[in-house]
Amino acid sequence: MNSSPLSADTAPATALSETNSSGLSVLRLMPLAAIALFAGLGATAWIARAGEVHLIGFLRAEQSVVYAPHNGRVEVVLAQSGQAVKPRQSLIHLTDESLNQEIATKSREVASFQAALEQCRAKAEVEMSLQRKNVDDDLLRTRLQAAKYLRESYAAKFEHVTLRNLAKESGSLRLLAATPDLLAQPERIFDSIAAEPVGVPEGMRFSAVMREGLALNLAEVNKASSEFCEHHIAELEKLRKDLPEMIRRAAGVDVAEAKLAQAAEQLEALNQQKAAMAVASPGHGIVGTYSKQVADPVGVGEALVTIHDRERPFVEVDVPSREVIKLQVGETLLLDFAGEERTGRVEFICPQAHNRNGDADSWITVRVRPAGKLWPEVAIGSAVAVRMK
């Protein structure tokens, strides 16, 4: 039986059928290739992460605890939890009723001492005016008396010299024309000099000698009186200079000033205590949770709030004691902050283990500091995934 050859019409149909079959084979292989690819990637990732330990840590920050400086009550909260604060920024203000009462009492005491001081000063000024007037009057009288004694001393000295010359010249070639009233008016002696020498009676000469001694004695007495007046003037001037301080003491001004100064110093100390009731931040950071609310009583030294330093964050993670031998200080760990991967470096490994919630396993706390790229801004206390090999 002879087979018949294919006709020209059936040849193209056969070629198209073979082409379609080849395309279907390629489409069927593509899913298998994709599955094989993902399986390979998964195997690679599994091999890469084989032996990794996945842990959960928590974001922490360096803390500064703020304590109450004085007993009292919370009056007002000035910085809310989560707020960023600067150094010396007020956080919370306390009040103390007993301290406020002491300040009010001391303020009244200061005002009373101030009034007493003003009264003492007014009395001192009045007394000063009277006493200074008396001293000035006494000074004026003494100066006038000193001038009088000095003038009389000069006059007595002049009389003494005149009479001495008279006694000497009575025996010389030139004799004075003496009259009986000469000794009563010695200033006229030189007016009585005659052109021609005449004799001086012996009685007048003897009287001149006697009056010479009296004039000398009077000159010395007047000089001593003048010196005494000068000494008294010096004492009065010193008294006038010391008079203000003497009257101040006599009027009690120095005592009133001392009482006022002491009370003012005590009031300043109380005000400083009140100013210290405004609790301030010790540095930059984020305000944590307050342990007290408004109107709550607080005791001195009691913790009020914690300031978290966002500039010095770290992750604290508990590592099983059986795995901690794999860690070393300075080792780099992978961290996951809610989908954002970062790295950290082991800073501290606690030398003592602890148990958690009655768990039979023991755990060791590890502290991890930032390394590499800056950590994202997340809330303090947020959970952070930690991977260690």
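Every chain's residues receive numbers from 1 upward, in the order its sequence appears when written. In keeping with the model being predicted, local features are shown solely for residues with a pLDDT of at least 70 and side-chain atom pairs are shown and tallied solely at 80 or more, while totals for entire chains, interfaces and linings include all residues. Processing note: side-chain calculations cover all non-hydrogen atoms of the structure and skip hydrogens and water entirely.

Strands here are runs of E lasting at least two residues and helices are runs of H or I lasting at least four, both read from the DSSP assignment and numbered beginning at the N terminus. A tally of regular secondary structure across the protein chain gives four helices and 13 strands. Any residue under 20% of the maximum accessible area for its type is buried, any over 50% is exposed, and the rest in between are partly exposed; the area is computed with a 1.4 Å probe on protein chains only. Buried residues in the protein chain amount to 29% of all 389 residues. Each accessible area value is a Shrake-Rupley result obtained with a 1.4 Å probe; residue values ignore everything except the protein chains displayed when judging cover. Accessible area of the protein chain: about 25000 Å², with a carbon and sulfur share of 57%.

So, about the pairing of strand β4 (residues 90–95). By the criterion of burial, β4 is predominantly enclosed, with five of the six residues buried. The sheet contact formed by strand β2 (residues 72–77) and β4 spans four bridges and is antiparallel. Among the inter-strand pairings, V77 is bridged to a residue of β4, identified as I92. In this description, strands pair whenever DSSP reports at least two bridges between them. Sheet topology note: the β4/strand β5 (residues 278–280) ladder contains three bridges and is antiparallel. Looking across to β5, one finds that S90 is bridged to A280.

Moving on, we get to the packing of aromatic side chains. Aromatic pairs are defined between Phe, Tyr and Trp rings, using the six-membered ring for Trp, whenever the two ring centres lie within 6.5 Å; interplanar angles under 30 degrees are classed as stacked, those over 60 as edge-to-face, and all others as tilted. Under the definition given, this model contains one aromatic pair. Between the aromatic rings of F337 and W375, the centroid separation amounts to 5.2 Å while the plane-to-plane angle is 45°, which identifies the pairing as tilted. Note that F337 is positioned in strand β9 (residues 332–337) and W375 in the loop between β12 (362–371) and β13 (383–388), a separation of 38 residues in sequence. W375 sits in the buried class, given a relative accessible area of 7%.

To continue, consider the environment of W375. Between the alpha carbons of W375 and D336 there is a distance of 9.9 Å; along the sequence they are 39 residues apart. Contact definition: two residues touch when any of their heavy atoms are within 4.5 Å. When sequence neighbours within four positions are dropped, the list of residues in contact with W375 reads L59, P313, F314, V315, L335, F337, R342, T343, G344, V368, R369 and P370. Within 3.5 Å is the distance limit for a polar contact, defined as a pair of N or O atoms, with the added protein rule that one can donate a hydrogen and the other accept it, and that residues adjacent in sequence qualify only through two side-chain atoms. There is a polar contact of 3.0 Å between the side chain of W375 and the backbone oxygen of T343.

Before going further, it helps to examine the sheet that holds strand β7 (residues 297–298). Pairing between sheet strands relies on hydrogen bonds along the backbone, with the strands arranged either parallel or antiparallel. Ordered by their spatial adjacency, four strands build an open sheet running β5-β4-β2-β7, and the pairing between neighbours is antiparallel. Strands at the two margins of the open sheet, each flanked by one partner only, are β5 and β7.

This brings us to unusual backbone geometry. Peptide bonds are trans in most cases, and residues, glycine excluded, mostly fall at negative phi. Even without a glycine there, the phi angle at R88 is positive, about 65°. Mapping R88 onto the fold places it in the loop between β3 (84–85) and β4. Look at A295: it is not a glycine, yet its phi comes out positive at around 80°. Summarising the element assignment, A295 is placed in the loop between β6 (285–287) and β7.

Now for the environment of S226. Turning to its location among the elements, S226 is positioned in helix α3 (residues 202–251). With a relative accessible area of 7%, S226 lands in the buried category. Excluding residues within four positions of it along the chain, S226 makes contact with A146, Y149 and L150.

Take the buried Ala, Val, Leu, Ile, Met, Phe, Trp, Tyr and Cys residues and link them wherever side-chain atoms come within 4.5 Å; each set so joined is a nonpolar core. Counting residues in hydrophobic clusters, the biggest one holds 38 residues, and the most contacted among them are L91, I92, L94, V287, Y290 and L304. When contributions to this core are tallied by element, the ones reaching two or more residues are β2, β4, α2 (97–169), α3, α4 (253–276) and β8 (303–320). Of the residues forming this core, the biggest block, ten residues, is contributed by α2. In this structure V287 touches A79, Q80, S81, G82, Q83, V85, L91, V305, T306 and I307, once residues within four positions along its chain are discounted. By size, the runner-up hydrophobic cluster in this structure holds 19 residues, among which are V315, L327, L335 and M388.

This next bit is on the pattern of salt bridges. Salt bridges are defined by distance alone: a side-chain nitrogen of Lys or Arg within 4 Å of a carboxyl oxygen of Asp or Glu. Under the criterion given, the structure shown has 21 salt bridges. Across the pair R310 and E377 runs a salt bridge, and its minimum N-O distance is 2.5 Å. In this pair, R310 sits in strand β8 while E377 sits in the loop between β12 and β13, placing the two residues 67 residues apart along the sequence. By relative accessible area, R310 is classed as partly exposed at 24%.

Let us look at the pairing of β12. Across six bridges, β8 lies against β12 in antiparallel orientation. Paired with P320 across the two strands is W363, which belongs to β12. With six bridges connecting them, strand β10 (residues 340–349) and β12 associate as antiparallel partners. Looking at the pairing, F348 lines up with R367 of β12. Across two bridges, strand β11 (residues 354–355) lies against β12 in antiparallel orientation. From the neighbouring strand, H354 faces β12, where its bridge partner is W363.

Quick look at the confidence of the model for the protein chain now. Per residue, pLDDT measures the predictor's confidence, with a range of 0 to 100. Chain-level statistics for the protein chain give a pLDDT mean of 79 and a share of 74% at 70 or above. Contacts from residues 1–16, a stretch scored under 50 in pLDDT, to residues over four places away or in other chains number zero contacts. Within the model, pLDDT remains below 50 along residues 43–48, and this stretch shows zero contacts once partners closer than five positions in the same chain are excluded.

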